Amino acid sequence: KDPRKHDEAFVVEFLEHAGALLTADMEGGSKRQASEVKDAEEAPPAKKAAVAAPEPEKKKVTMKRAVAAEIQRLNAAGGLLAPLRMGAVAIALAEVDEAAALEVLGLLEEQQAEVEDPNEFVRNQAGFR
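What counts as what
- Residues numbered from 1 in each chain as written.
- Predicted model: local features only at pLDDT ≥ 70, side-chain atom pairs only at ≥ 80, totals over all residues.
- Heavy atoms only, no water.
- Axes fitted to C-alpha atoms, helices over the stretch in contact; angles between N-to-C directions.
- Helix = DSSP H or I, 4+ residues; strand = E, 2+ residues; numbered from the N terminus.
- Parallel < 35°, antiparallel > 145°, perpendicular 65-115°, else oblique.
- Contact = heavy atoms within 4.5 Å.
- Nonpolar A, V, L, I, M, F, W, Y, C, P; charged D, E, K, R; others polar.
- Core = buried A, V, L, I, M, F, W, Y, C linked by side-chain atoms within 4.5 Å.
- Buried < 20%, exposed > 50% of the residue type's maximum accessible area, 1.4 Å probe, protein only.
- Salt bridge = Lys/Arg side-chain N within 4 Å of Asp/Glu carboxyl O.

S.K.: How would you explain the packing of helix α5 (residues 86–94) against helix α7 (residues 118–127) if you had to name every residue and give the values?
M.R.: Relative to each other, α5 and α7 sit at 10°, their axes nearing to 9 Å. Classified by the interaxial angle, the pair formed by α5 and α7 is roughly parallel. For the pair α5 and α7, contact is made by Ala-88, Val-89, Ala-92 and Leu-93 and by Asn-119, Val-122, Arg-123 and Ala-126, respectively. Partitioning the contact of α5 with α7 into residue classes produces six nonpolar, one polar and one charged.

S.K.: With reference to specific residues and values, describe the nonpolar core.
M.R.: Ranked by size, the top nonpolar core spans 19 residues in total, and within it Ile-71, Leu-84, Val-89, Leu-93, Leu-105, Leu-108 and Val-122 carry the most contacts. Contributions of two or more residues to this core are made by α4 (65–77), α5, α6 (98–110) and α7. Looking at this core, the element that brings in the most residues is α6, giving five residues. In contact with Leu-108, not counting residues within four places along its chain, are Leu-74, Leu-80, Leu-84, Val-115, Pro-118, Phe-121 and Val-122.

S.K.: Describe the pattern of salt bridges, with residues and values.
M.R.: Summed over all chains, the structure comprises three salt bridges. The partner of Arg-73 in a salt bridge is Glu-70, and the shortest N-O contact between them spans 2.7 Å. Here Arg-73 pairs with Glu-70, and both are found in helix α4, just three residues apart, close to one helical turn. Residue classification places Arg-73 among the partly exposed positions, given a relative accessible area of 36%. Ionic pairing is found between Glu-109 and Arg-73, a salt bridge with its closest N-O pair at 2.9 Å. With a gap of 36 residues between them, Glu-109 in helix α6 and Arg-73 in helix α4 connect regions that are remote in the sequence.

Below, the structure is given as structure tokens:
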């Protein structure tokens, strides 16, 4: 795991082998254009990483209107110690049914004076449902 524990010839051979595998893969089955590869090779190291790494697909999460409205109501009421962020709780609440999500938010409202991070509270409680 530590390249310093190996002699230089071994490390060079390994890197050449890995480079050859990557090149073969890119030429054979890659969807990227040759110009992108050329740009990545000529770019500074930070840009190389940005060009080489494809953008992860953003997963669209849907939340029931009643759940979203309850989150907005709780935030507007001002009783929470920190705001409840839709993006922070959407996945957790989307994984449970509407009744369970509303139950979690009701529990948060009951305990809001003691809950320092309502986002973490909601994610944890939704995980138990």
